[in-house]
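Remarks on the overall topology
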Amino acid sequence: MKKIRDLLTILSFCVFLAVFAVLFLVLPEKPFSETENRPLQTAPAVSPETILSGTLADQTNLWFSDQFPLRDGFVRLKSAFELLLCKGENNGVLYSDSQLAVRAFDAYDSRLHIAENADWYFAPTVKAQLERYGDLVGQLSVPVVTLIPPRTVDVADSAFPYDRPYGDGLYDLLSEVLPEKAGYLELLPDLRAAYERGEYVIYRTDHHWTTLGAYTAYQKVASALGIEEVSPEETWSKTEISDFFGTTAARASFPWGKPDVITLYDDGENYTVTADGETLDGLYDFRRARSSDKYTAFLGGTHGVTTVKGNGDDRKTLLVFKDSFADSLIPFLAHHFDIVALDLKTHPDLTAAIGEYHPEAVLVVYNAENLITNAAFGNLR
Amino acid sequence: MVFSSLIFIFAFLTTTLAVYFLVPLRLRNLVLFVMSLLFYGWKEPKNILLMLVSIVSAYAFGFLIEKYRESNVRKAKCFLFLSLAVNLSFLLFFKYFNFFASIFGAKGIPELTLPVGISFYTFQIMSYSIDLYRGQAALARRVIPFGTYVTLFPQLIAGPIVRYKDICDQLTSRKESVEKFARGVRRFVCGLGKKLLLGDACAALAERLITNSEFSPTALGAFLTAVFYTFHIYYDFSSYSDMAIGLGRMFGFEFPENFNYPYTAKSVTDFWRRWHITLSTWFREYVYIPLGGNRKGKFRTYCNLAIVWLLTGFWHGANWNYLLWGAYFLLFLIIEKAFLLRFLEKSKVLSHLYLLVVVLFGWVLFFGEDLTFVTDTVQRMFFFGATAYDSVVVYDLLHALPLLILCAVGCTPLPAKYFNRLRERCSAFDLLTPVFTVLLLALCTAYMVDNTFSPFLYYIF
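Just so we're clear, the structure is a prediction, and the values are computed from it rather than from any experiment.

The next point concerns the overall build of chain B. The helix and strand tally for chain B stands at 20 helices and zero strands. Principal-axis analysis of the C-alpha atoms places the extent of chain B at approximately 70 × 60 × 55 Å. Burial statistics for chain B: of 461 residues in total, 58% are counted as buried. Expressed as a percentage of contacts within chain B between residues at least 6 apart in sequence, the contacts between residues at least 24 apart total 74%. Of the roughly 19,800 Å² of accessible surface on chain B, a fraction of 68% belongs to carbon and sulfur atoms. Between the averaged position of the 43 positive side-chain charges in chain B and that of its 28 negative side-chain charges there is a distance of 10 Å.

Following this line, the structure appears as structure tokens:
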């Protein structure tokens, strides 16, 4: 009996090792991971230099885990076990049936001091950034509207037992520090109230707001800029992209959970859209809707300079300094304005851009996660 | 290469096992030797050279020591010292040069990195030379078995520290067997699980608590940091020994045990008989007893203890905190020897509690390469410059409770005891152990795959 048990132990152990070793060698390499949305390490090149420097060792380690057979399945097994241990999260992503949210971020203090995976943020650093920004916009002659889209964990506070230690302090700080000239529009109370009413304002599996969430922001911008808001649900045509698993889901890889749906509205206008000099088909890139990062269907993803031009001579220009949250907001605004959208991180010169494009107004969209994890906002000039 | 990596298990171990059992008996040591060199040089191939020099020098001096051992003790002693000097000089240079340079205000060599495992294999090599001189070990006549002894990959990097005399018979005539291999598999997988499921999780939580303490220092957070460190080091280190012992068995070796439920000890004296046993044994045998041990009066005993414990601390790392850590335990050992042990025997609960508190603070010192970490953590535990708790710490504590309970129970002999009892009483359950083993291995694989799982946050900007 004991002999049988021991033989079985050895057999199952060796078979397990051999099967995965062989599968690893036999299965074709995947250059890209759909679930994680990143390029994977492929077989590293062997040379005397890489051997001696140890880079071969590092790359081979990475190669093994990136190309490991049933990789996605194993990753899900791990996250399921983490939930089984009642941790309520995996890889820093909080889990509930209806919502996922990242809880901890790399809090930025200075280039030399970043607190990785902190539940907090450096309030004095953020405050200093906001003050610099306040000083900058105070000198501008055009109207400014500032949107700081809140993080999922702040909007969906009610979905988790996790108790954010700083409460809404970050958003209080924004209202307190930003001068009137910044045209700061509070979003958190509206989005949170809508979320608690069961409205689909933020994605379940992604860190962005949904088209409805972006519409909430659009309404606020419209009233601030004195334009007449439209109601797309009644008059515009609508396309839905289903099976969207976003960044948060990719980071946590929970084995169960519903995908999100992305809604794209079309007002029927013929816009000329360019991104970094190239002309796009329109406001939406439907090829990207079939890829793994479906959110990039909005304006074809991140670009340094994006322009949207409509028909008619009397259209005014709105200059947008943005991160990706603005991509789902711009289709609404394009109904009213020609848009010049600059990536805030790579195009920090606000003053020069105003001189160049002579906008009717400036809109700054920079989400709260970006605000606390890097210094770009304070570097605007 | 680390044991808890995919490349080790699915490439290195798989190949090594296959080749080892396919080649004729006489080539098996050579296979282990070559594969161990590959294992060792995987990340930094140039370290192989250093280790080979150590091996060859001890091997060559071995012949000289043996030659004069009986005829000319002075000469034999001379060669012993030379052999030890060569080996120790590598260790001293790579591990301690920069530390001493900084003490004397000289410029160190920043590029100097510590070759992995040098502290362990140097001690193993030294044990050979000394035992040979003492006539307790036979001369290693062939270089391959001796090289295999030093480089043997299961215990090369982090022990157990195997003395040559304990293993020399196994080097030349060991019996691989089904029973041994199976026990090895179970031990290895169990160690892997301890490391990946418990040890790493505790490390991650400690890390998070430390990060958050920068923003909001709390007494509860500081205390939990120490608790997680306490579990982390136990599950990290003892699991390494488990894996080493398990791997050794697969190849027919029996290594000495290195841990014996240290957190169930009831005094510091007892603790050090249960924690990193092979290191304590080494120091006792090659330092404490040669110095006279406890046979030369109270004062000499305390002096000898002091030497051993400062060396033990220093062996762990070239930094003040390790010296302090050694001194810290020395203090308790002396107090216990002087009078405390008698009192500790009176109450099991109190003595156990005392041990846990001493060990807990000991690990804070151990992890505090930056001494401000030590002072900060300890101060915060006593509410200096800290609030009692905040919502994140409480949240993390509640969500880590199952893990903490698992860790606490896992430190005791209970799981092994009941598991084995169940296996004895119910043969069907016993037959299921292969299933449990593979399931745990699969779960460990999942954790290893996820270790480098780093999704690219594609669209944040």
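That covers the picture; the talk isn't over yet.
Attention now moves to the sheet that holds strand E4 (residues 93–95) of chain A. Residue and element names in this part refer to chain A. One open sheet holds the three strands; their spatial order is E3-E4-E5, and the pairing between them is antiparallel. Looking at which strands have only one partner, the edges of the open sheet turn out to be strand E3 (89–90) and strand E5 (100–102). Here two bridges tie E3 to E4, and the two strands are oriented antiparallel to one another. When the sheet's bridge partners are listed, glutamate 89 is paired in E4 with leucine 94.

Note: most residues except glycine have negative phi, and most peptide bonds are trans. All names here are of chain A. Not every positive phi belongs to a glycine, and aspartate 276 is a case in point at roughly 45°. Looking at the secondary structure, you find aspartate 276 in the loop between strand E12 (272–275) and strand E13 (278–280). We note that leucine 299 has phi near 55°; this positive angle belongs to a residue other than glycine.

So, about the environment of serine 119 of chain B. Residues and elements named next belong to chain B. On the secondary structure map, serine 119 appears in helix H5 (residues 118–134). On the accessibility criterion, serine 119 (7% relative accessible area) is buried. In this structure the C-alpha to C-alpha distance between serine 119 and phenylalanine 223, which are 104 residues apart in sequence, comes to 31 Å. For serine 119, the contacting residues outside a window of four places in its chain are Leu91, Lys95 and Trp315. In this structure the side chain of serine 119 is engaged in a polar contact, spanning 2.7 Å, whose partner is the side chain of lysine 95.

Residue and element names in this part refer to chain A. Here we have eight strands laid out as an open sheet, ordered E9-E8-E17-E15-E16-E14-E12-E13, and mixed in their pairing. Whereas interior strands pair on both sides, the edge strands pair on one side only; in this sheet they are strand E9 (184–185) and E13. In this fold helix H9 (residues 211–225) packs onto strand E8 (144–147), E9, strand E15 (316–322), strand E16 (337–343) and strand E17 (361–365), with an angle of close to 160° to the strand it touches most, E8. Together, strand E14 (305–309), E15, E16 and E17 form the strand contacts of helix H14 (residues 350–357), whose direction differs from that of E15 by roughly 160°.

Turning next to the layout of surface pockets. Here the largest pocket defines a volume of roughly 1,600 Å³. Forming the walls of the largest pocket are 44 residues, and the residues nearest its centre are Arg186, Cys190, Pro415, Ala416 and Phe419 of chain B. Secondary structure elements with two or more residues in the lining of the largest pocket: helix H1 (2–26) of chain A together with helix H9 (178–213), helix H10 (219–250), helix H17 (391–410), helix H18 (414–425), helix H19 (427–431) and helix H20 (433–451) of chain B. In terms of residues, the lining of the largest pocket owes the most to one element, H9 of chain B, which gives ten residues.

Residue and element names in this part refer to chain B. Split by domain assignment, chain B resolves into domain 1 (19–174) and domain 2 (180–410). When each unit is reduced to the centre of its C-alpha atoms, the spacing between domain 1 and domain 2 is 27 Å. Taken residue by residue, the interface counts 33 residues in domain 1 and 31 residues in domain 2. On the domain 1 side of the interface with domain 2, the three residues burying the most area are Phe99, Phe123 and Pro160, jointly 21% of the side's total.

Our focus in this paragraph is the state of the cysteines. As enumerated under the stated definition, the model contains zero disulfides over all chains in all. Of the cysteine sulfurs around cysteine 14 of chain A, a residue in no disulfide, the closest is that of cysteine 444 of chain B, at 17 Å.

Right, let's talk about the side chain of asparagine 319 of chain B for a bit. Note that asparagine 319 of chain B resides in the loop between helix H13 (297–316) and helix H14 (320–344). Once residues lying within four places of it in the same chain are set aside, the contact partners of asparagine 319 of chain B are Phe99, Phe314 and Glu369 of chain B.

If you want to describe how two helices pack, look at the angle between their axes and the distance between the axes. All names here are of chain B. Two elements in contact, helix H4 (residues 73–103) and H13, have axes whose closest approach is 10 Å; the angle formed by their N-to-C orientations is 100°. One finds that H4 runs roughly perpendicular with respect to H13. Here Lys95, Tyr96, Phe99 and Phe100 of H4 lie close against H13, whose contacting residues are Phe314, Trp315 and His316.

Let's shift gears to the domain arrangement of chain A. Residue and element names in this part refer to chain A. Parsing chain A into structural domains produces domain 1 (2–83) and domain 2 (100–379). The C-alpha centroid of domain 2 is placed 38 Å from the C-alpha centroid of domain 1. Domain 1 puts ten residues into the contact, and the matching count from domain 2 is eight residues. Summed over both sides, the interface of domain 1 with domain 2 buries roughly 750 Å², with 62% coming from carbon and sulfur. Our enumeration of links across domain 1 and domain 2 arrives at zero salt bridges. At the junction of domain 1 with domain 2, the criterion picks out one residue pair in polar contact (both at pLDDT 80 or more). The leading source of residues in the side of domain 1 that touches domain 2 is helix H4 (residues 71–84), at five residues.

Turning next to the pairing of E15 of chain A. All names here are of chain A. Most of E15 is tucked away, with six of its seven residues classed as buried. Here seven bridges tie E15 to E16, and the two strands are oriented parallel to one another. Residue pairing across strands places phenylalanine 321 opposite leucine 342, the latter belonging to E16.

Bringing the pairing of strand E6 (residues 105–110) of chain A into the picture now. When E6 of chain A meets strand E7 (residues 113–118) of chain A, the two strands line up antiparallel, connected through four bridges. Residue pairing for E7 of chain A: alanine 107 of chain A is matched across the bridge by alanine 115 of chain A.

Moving on: the pattern of salt bridges. Under the definition given, this model contains 43 salt bridges over all chains. Among the ionic pairs, aspartate 430 of chain B bridges to arginine 5 of chain A, the shortest N-O distance being 2.9 Å. Of this pair, aspartate 430 of chain B sits in helix H19 while arginine 5 of chain A is found in helix H1, placing the two residues in two different chains. Note that lysine 238 of chain A and glutamate 233 of chain A form a salt bridge whose closest N and O atoms lie 3.3 Å from each other. Since its relative accessible area comes to 41%, lysine 238 of chain A is described here as partly exposed. In the salt-bridge network here, residues are joined through shared partners; they are Arg151, Asp154, Asp157, Arg164, Asp168 and Arg192 of chain A.

Now for the interface of chain B and chain A. With 62 residues of chain B in contact, the opposing surface of chain A contributes 87 residues. Around 6,500 Å² of area is buried between chain B and chain A when both sides are counted, 69% of it from carbon and sulfur atoms. For the pair chain B and chain A, the interface holds five salt bridges. Our enumeration of links across chain B and chain A arrives at nine residue pairs in polar contact (both at pLDDT 80 or more). Elements represented by at least two residues in the side of chain B that touches chain A include exactly helix H1 (6–22), H9, H17, H19 and H20 of chain B. Counting residues per element, the side of chain B that touches chain A draws most heavily on H9 of chain B, at 13 residues. Of the residues in the side of chain B that touches chain A, the class split is 40 nonpolar, twelve polar and ten charged.

This brings us to the confidence of the model for chain B. Within chain B, residue pLDDT values average 87, and 98% of them lie at 70 or more. Across residues 453–461 of chain B the pLDDT falls below 50, and counting only partners more than four positions away or on other chains, this stretch makes 47 contacts in the model.

Residue and element names in this part refer to chain A. Overall, the coordinates contain two cavities of 30 Å³ or more when judged by the stated rule. Of the voids in this model, the largest cavity is the one considered here, and its volume is about 90 Å³. Lining of the largest cavity is provided by 14 residues; of these, Phe105, Arg151, Thr152, His207 and Glu369 occupy positions nearest its centre. Listing elements by their share of the lining of the largest cavity, those giving two or more residues are E5 and helix H6 (152–155). Here the element with the most residues in the lining of the largest cavity is E5; it accounts for three residues. A breakdown of the residues in the lining of the largest cavity according to their chemical character gives seven nonpolar, four polar and three charged.

Thresholds applied
Residues numbered from 1 in each chain as written. Chains lettered and ligands numbered in written order. Predicted model: local features only at pLDDT ≥ 70, side-chain atom pairs only at ≥ 80, totals over all residues. Heavy atoms only, no water. Helix = DSSP H or I, 4+ residues; strand = E, 2+ residues; numbered from the N terminus. Buried < 20%, exposed > 50% of the residue type's maximum accessible area, 1.4 Å probe, protein only. Contact = heavy atoms within 4.5 Å. Areas by Shrake-Rupley, 256 points an atom, 1.4 Å probe, with all protein chains shown as cover. Lys, Arg positive; Asp, Glu negative; His and termini not counted. Charge placed at Lys NZ, Arg CZ, Asp CG, Glu CD. Pairing = 2+ DSSP bridges. Polar contact = N/O pair within 3.5 Å; in protein donor to acceptor, adjacent residues only side chain to side chain. Axes fitted to C-alpha atoms, helices over the stretch in contact; angles between N-to-C directions. 1 Å grid on protein atoms, 1.4 Å probe; cavity = no way out; pocket = protein on both sides within 12 Å on 5 of 7 lines; lining within 4 Å. Points joined across faces, edges and corners; volume = space filled by probe spheres on them. Domains from an automatic or database assignment. Buried area = accessible area lost by both parts, 1.4 Å probe. Disulfide = S-S within 2.5 Å. Parallel < 35°, antiparallel > 145°, perpendicular 65-115°, else oblique. Salt bridge = Lys/Arg side-chain N within 4 Å of Asp/Glu carboxyl O. Nonpolar A, V, L, I, M, F, W, Y, C, P; charged D, E, K, R; others polar. pLDDT = per-residue confidence, 0-100.

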